[in-house]
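Inside the fold
So the chains spell out like this:
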Amino acid sequence: MTEQEFNQQHKEFLQASLESPMPWIGMYIAAASLVCSVAMAGDVIHGIRRKKLWFPSKYFTMNAASLTVLAVAMKLPVDLTTAMWGRKYSLAKLSSNVFMITVMGNFLISFASMKNNEIFMNIVAFGILLITIIVNNCIQMHTWGDVTDDDVFKTHIKFDIISMLVLFVTLNSLVLTIPTAKRYIELKYNELHETTCEVGKLEEIGKLTHQKLKEVVEKYWVMAETGSPQFVMALSVVTATSGPICLASALSLIRADILSKRDAYFYNIDGGIGSSYGWSISFILIIQYIGVVVGTIAPVCRWFIATSINCNNLFTNTHHKEFKLVETYWIQRLVDWKAAPLPFPIRSVKCKKVIGSAKILVLNVCIAVQVGIVVASKLVQLISIIITLPLFSCFYFCKRMKEDPESNASTNNRSLYPENTSPKLDLYVLQLEGEAKLPKIIMKNMCHELNQVIQMGKSKQPKNLTELLQKTNNNFKGVADFDKTNQVPKSWTMSVVNLTSIAIALPNIESYTVDRLISSVSEGLLYAGLVEESFSSKGDNRRNLKCVADLVWAGVELNRKWLDKDLRKLPLAGKTIEGTLQALIDITEKATFEFQRSVTERSKVLATNSMHKISQTILNDYKSNMDARTDGHLFEQLSIMIADILGASLSNLPRVVVKKCYHGAIEEREKSIKLAAHLLGETEEILEIIKHHQLPSLCGDRAAYIDEWHAYMMQKNPPAIIPSLNNEIVASSSGELHINVVE
């Protein structure tokens, strides 16, 4: 063997060694494509289940993780060094390009949920990836001209590049509009909020029946759903343009596949002959094909819904009379940048003038491009309406033929809303300027989803807590009885946790009775903690008390231990009630001294002080009550006291629901109102019990704090107590929300 032959064999051996892991790298690409496909499928399933056929981006959103996975899935289009000869492997590159187009169409509206700085960082990062793919495609297309005469794949690559560029320009157009659209929606939201709620006049107490409370939730639900940034952007004319682009790209891929299979020599290149990726190419093709099919659903449905809304308005005579070629919010941000001064100081007047003129020139070009994009999108929408108009005409004609003409009007009015729903909810729809009126089916689906959320809440009502609340006194007397000293800060949760700990420590109480009390208290603390969170701010001592109470309750609930002291193994003198209470008092005195000396555990002093005062009060009352010296009787008294405190706390639940209805951050508003609706259904039985009790005449937010209740009830001659009858629940709140339901 000559030296030249040896070197050649050695090179071939090294080349084979380097290419041997390539099929597994191909599987890595397939796995990344599968992750993207599953996320897109998740959004489709989520949209269908919630009857949101505009398909919000919940699982497949633009962020660092999704961008990293997408970069892995796009390795084939950017790979310039690996040999990939043959139509099967060329088809794999095309499928990756179409997969990229489909991905862009899916997470187009996810930018609407981001803040401005997040939008900028994500659009830059995505732009770098997209430009890399486009440039590499151009290089490959030039290389293809030297090694093959296949014009089919060149044509498809050109189409894919144009589609990517159009979608990227569309994405930038949408991104420029998002901040302005949010401000516009925010202004309309605040206006409707003013009509729903009366701000100020805290001295007046609002009363809401359960039905009126539901009406408030319904109004805010419609405002949150229609004012959702993703919903607004999904139905915009620019977003709808992504539908036909994604559909055309998917059809072009199918065409390329058919043409490839038609050629006879396609079958001569198989397995690893034509590429180092070998057998993994088949997996990549299958997964990306599935991803393209699944991912095309959302953009096409958004396009179809936008078209159907405009057609619906044509048939129902609800279209806008005023037509603008381009609405202000599309170019408002660019106009603001144009009018703004230079962001950096320049001393030279001549340089400042040149740079200022250049800035104005660039922004004028950007405004012209933005106008062109919007006009082109409206033209696409107009063409879509013209094409689908016969289909929708037949649909509406058949629908009217089936309806009874005499009951048409009443049917139209009733069909918009489900039962027990206000017919004025369409007044609370938030839309951008020039947008078509939403059809009845979308509003009906929104109301149906609200009822589903409330029903889900009803199915999860706390049965153990409801049973405990049946023991409450008419005027919540236990709020005053649990601590006669009034010397330590109080919170709803801390008081309940310490009283429950005392009840667990009592001797001669059967374990199933204790377990039932713990289950009831565990459910009640969730709602009492919610009340404290809603009416306390960061740094507030009440919030610190709640945090300590949560820490203590974790040990009590799981291990029956109060700050690592086993409540079932206390060194009780003769196993008596007095011995138990005195042991707790001694333990708290010792623990207070230890915690005060420790820097890290000083917050636990709040729990020990509270337990000391409560135990002392219970012991004094026990000694003075000679007729109730039994373990079971004291346990029952403690249970009633716990029920009174929880009941008094939960009388503020309507206020909590109202507070959750109104949320300042537009991105979190939809989630907050959903929690409010769920809470409304979840606490229906609780409010039904509390409505028959007497509530103190505490104005504003004072009723949300246990120390205010305690101070009020400890007065010798307290003011008149407000009866809560006929399901009327006090529902006032802080300065930002004093509810006055508009009839």
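Look above for the structure.
Everything quoted here is computed from the prediction, not taken from an experiment.

Concerning the overall build of the protein
- What the protein contains, in helices and strands, is 28 helices and six strands.
- Of all 743 residues assigned to the protein, the portion counted as buried reaches 52%.
- For the protein, the proportion of contacts with a sequence separation of at least 24, taken over those separated by at least 6, is 85%.
- Here the protein displays about 35200 Å² of accessible surface, and carbon together with sulfur accounts for 61% of that area.

Quick word on the pattern of salt bridges
- This model, assessed by the stated rule, comprises 14 salt bridges.
- Here Asp 79 and Lys 75 are joined by a salt bridge, their closest N and O atoms 3.2 Å apart.
- Lys 546 is paired through a salt bridge with Asp 550; the nearest N and O atoms lie 2.7 Å apart. Of this pair, Lys 546 and Asp 550 both sit in helix H21 (residues 541–559), separated by four residues, roughly a single helical turn.
- Given the relative accessible area of 10%, Lys 546 is considered buried.
- The exposure class of Asp 550 is partly exposed, given its relative accessible area of 39%.
- Taken together, the salt bridges that share partners define one network made up of Lys 52, Glu 225 and Glu 670.

Here's the deal with the packing of helix H5 (residues 87–106) against helix H11 (residues 242–262)
- At a minimum axis separation of 9 Å, H5 and H11 run at an interaxial angle of 170°. With respect to H11, the axis of H5 lies roughly antiparallel. Of the residues in H11, those in contact with Arg 87, Leu 91, Leu 94, Ser 95, Val 98, Ile 101, Thr 102 and Gly 105 of H5 are Ser 242, Ile 245, Cys 246, Ser 249, Ala 250, Leu 253, Ala 256, Asp 257, Leu 259 and Ser 260.
- Grouping the amino acids of the contact of H5 with H11 by side-chain chemistry returns 10 nonpolar, six polar and two charged.

Quick notes on the nonpolar core
- Ranked by size, the top nonpolar core spans 188 residues in total, and within it Met 100, Phe 111, Phe 126, Met 233, Leu 499, Ile 618 and Trp 709 carry the most contacts.
- In terms of residues, this core owes the most to one element, helix H7 (residues 151–196), which gives 14 residues.

Some details on unusual backbone geometry
- Positive phi values are uncommon outside glycine, yet Lys 51 reaches one of about 55°.
- Within the secondary structure layout, Lys 51 lies in the loop between helix H2 (22–49) and helix H3 (64–73).
- With a relative accessible area of 42%, Lys 51 lands in the partly exposed category.
- Unlike most non-glycine residues, Phe 476 shows phi in positive territory, near 55°.
- Mapped onto the elements of the fold, Phe 476 is located in the loop between helix H17 (463–469) and helix H18 (478–481).
- A relative accessible area of 0% means that Phe 476 is categorised as buried.

Definitions and limits used
Within every chain, residues take consecutive numbers counted from 1 along the sequence as written. Local features in this predicted model are restricted to residues whose pLDDT is 70 or higher, and side-chain atom pairs enter the listing and the counts only when it is 80 or higher, whereas totals over whole chains, interfaces and linings include all residues. Water and hydrogen atoms were dropped before computing side-chain values, which therefore reflect all heavy atoms in the structure. Under the DSSP-based scheme used, a helix requires at least four consecutive residues in state H or I and a strand at least two consecutive residues in state E, with every element numbered from the N terminus. The classification of residues rests on relative accessible area computed with a 1.4 Å probe and restricted to protein chains. Under 20% of the type maximum is buried, over 50% is exposed, and intermediate values are partly exposed. In what follows, a contact means two residues having at least one pair of non-hydrogen atoms within 4.5 Å. Exposure was quantified through the Shrake-Rupley algorithm and a 1.4 Å probe, taking into account, for residues, occlusion by the shown protein chains and nothing else. We count a salt bridge whenever a side-chain nitrogen from Lys or Arg sits within 4 Å of a carboxyl oxygen from Asp or Glu. Throughout, an axis means a line fitted to C-alpha atoms (over the contacting stretch in the case of helices), and angles, computed between N-to-C directions, take values from 0 to 180 degrees. For this classification, under 35 degrees means roughly parallel, over 145 means roughly antiparallel, 65 to 115 means roughly perpendicular, and everything else is oblique. Side-chain classes follow a simple rule in which Ala, Val, Leu, Ile, Met, Phe, Trp, Tyr, Cys and Pro form the nonpolar group, Asp, Glu, Lys and Arg form the charged group, and the remainder, Gly included, forms the polar group. We call a set of buried residues a nonpolar core when its members are Ala, Val, Leu, Ile, Met, Phe, Trp, Tyr or Cys and they connect through side-chain atoms within 4.5 Å of each other.

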